[in-house]
Amino acid sequence: MCGRYALFRWNRDFAALPGFPADQQAQWNISPNDSVLMLRAAEDGERTLARARWGLTPPWLTDLSKTPAHARAETVAEQPMFREALRLRRCLLPANGFYEWRGTQRKRPYWLTPGEGSSLFFAAIWEAYPVQEQVWLSTAVITQPAASQRRPLILDEAGQAAWLDPETPLHVLQGLLAGEPAALRERVLANLVNDPKLNGPECLTPG
């Protein structure tokens with residue numbers, strides 16, 4: 001399961017998007033419940049960024065301890081928690097890569113990325129949760145089965161455009177949800193990243 005990822009590098013075009021926070025800092029070890037950047041389509045069709053909590057919080061939710069960070073690609077269209085957001089509130093989460101733990105007795109962390117210096121976008125859904133006069137945004141990553149794990153659904157440029165387009169029909173979305181897992185490079189890491197409070201380049205120390 002993708003429980004951690006990182007966004008520590010971005011290009012000028014990305015930083016020029018509407019909504020890019022002026023105080024955005026590198027995040028080397030993002031965990032559920034953290035504040036993350038999400039990319040959405042605005043009403044005029046332009047792409048815009050916003051901060052959101054990683055843990056989906058629909059406005060009808062009463063138990064705020066149950067805010068899922070993930071939604072399964074196989075069932076997201078049917079699950080009451082997710083199906084309306086899939087239809088109306090789709091977004092992308094930018095990342096440079098994500099972490100995966102493998103093993104039985106002693107799990108080892110791995111870093112997965114399309115390549116050095118590359119970026120990727122996870123398919124995700126979002127919700128707005130009103131609290132008094134403020135509206136909080138939240139998000140969940142779509143995951144798919146891959147290599148005996150569950151990994152984020154990573155979309156290429158065409159898939160990103162279709163995912164963000166509010167006019168994309170359901171059968172096209174279902175095709176994206178059933179897509180082949182992305183080809184990724186991986187390397188084993190030292191156990192430093194096991195500490196969720198660690199937020200620096202040492203998270204990627206080779207093992």
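If you look the chain up in an unreviewed UniProt entry, it shows as Abasic site processing protein from Pseudomonas hamedanensis. If you open the UniProt record of the chain and go to Sequence similarities (unreviewed entry), you find "Belongs to the SOS response-associated peptidase family."

A.B. asks: Just give me the short version of the sheet that holds strand β12 (residues 185–188), but keep the residues and values in it.
C.D. replies: In space, the five strands of this open sheet follow the order β2-β1-β7-β8-β12, with antiparallel pairing throughout. At either margin of the open sheet sits one strand with a lone partner, and together these are β2 (27–30) and β12. Recorded for the sheet is a direction-independent mean angle of 25 degrees between the axes of neighbouring strands. Note: strand β8 (residues 108–113) against β12, four bridges, orientation antiparallel. Across the sheet, residue L112 finds its bridge partner in β12, namely E186.

A.B. asks: Describe the nonpolar core, naming the residues involved and giving the relevant values.
C.D. replies: Ranked by internal contacts, the top residues of the largest apolar core, which has 50 residues, are Y5, L93, F122, I125, I142 and W163. Top element by residues in this core is strand β9 (residues 120–131). It accounts for seven residues. Leave out the neighbours within four places in its chain, and Y5 touches W28, N29, I30, V36, W54, L93, P94, A95, G97, F98, Y99 and F122. One finds W28, W111, C203 and L204 within the second-largest nonpolar core, a separate group that totals 10 residues.

A.B. asks: Lay out helix α4 (residues 170–177) with the relevant residues and their values.
C.D. replies: The periodicity of an α-helix, 3.6 residues per turn, causes residues three or four places apart in sequence to face the same way. All buried positions along α4 are accounted for by L173, L176 and L177. The buried residues of α4 occupy an angular sector of 100 degrees when the element is viewed end-on, so they sit on one face. The inward-facing, buried residues of α4 contact α2 (83–88), β6 (90–95), β10 (134–146) and α3 (157–164).

A.B. asks: Hey, could you go over the environment of M81 for me, with residue numbers and the actual values?
C.D. replies: Mapping M81 onto the fold places it in the loop between β5 (70–72) and α2. For M81, a relative accessible area of 18% gives the class buried. Separated by 25 residues in sequence, M81 and L56 place their C-alpha atoms 8.8 Å apart.

A.B. asks: Kindly report on the pairing of strand β11 (residues 149–152), identifying the contributing residues and their values.
C.D. replies: Alignment of β10 against β11, held across four bridges, turns out to be antiparallel. Looking at the pairing, T143 lines up with P152 of β11. Adjacent in sequence and paired antiparallel, β10 and β11 are bridged by two residues, among which A147 carries a positive phi angle near 50 degrees.

A.B. asks: Summarise the pattern of salt bridges; cite the residues concerned and give the values.
C.D. replies: As enumerated under the stated definition, the model contains eight salt bridges in all. We note a salt bridge from E84 to R89, for which the minimum N-O separation is 3.8 Å. For E84, a relative accessible area of 42% puts it in the partly exposed group. Salt bridges sharing partners connect three or more residues here, namely E100, R102, R151 and E186.

A.B. asks: Talk me through the environment of R151; I want residue IDs and the actual numbers.
C.D. replies: Relative to the helices and strands, R151 is located in strand β11. Linking R151 and N29, residues 122 residues apart in sequence, is a C-alpha distance of 16 Å. Within polar-contact distance, the side chain of R151 engages the side chain of E100 at 2.7 Å.

A.B. asks: Could you give me a rundown of the side chain of T67, with the residues and numbers involved?
C.D. replies: Examined against the element boundaries, T67 turns out to sit in the loop between β4 (47–54) and β5. Within the structure, T67 has its side chain in polar contact with the side chain of R53 (distance 3.1 Å). When neighbours within four sequence positions are excluded, T67 is seen to be in contact with N33, R53, G55, L56, T57 and L61.

Cut-offs applied
Residues numbered from 1 in each chain as written. Predicted model: local features only at pLDDT ≥ 70, side-chain atom pairs only at ≥ 80, totals over all residues. Heavy atoms only, no water. UniProt positions renumbered as here; feature names shortened; annotations may be inferred. Pairing = 2+ DSSP bridges. Helix = DSSP H or I, 4+ residues; strand = E, 2+ residues; numbered from the N terminus. Axes fitted to C-alpha atoms, helices over the stretch in contact; angles between N-to-C directions. Core = buried A, V, L, I, M, F, W, Y, C linked by side-chain atoms within 4.5 Å. Buried < 20%, exposed > 50% of the residue type's maximum accessible area, 1.4 Å probe, protein only. Contact = heavy atoms within 4.5 Å. Arc of directions from axis to C-beta. Salt bridge = Lys/Arg side-chain N within 4 Å of Asp/Glu carboxyl O. Polar contact = N/O pair within 3.5 Å; in protein donor to acceptor, adjacent residues only side chain to side chain.

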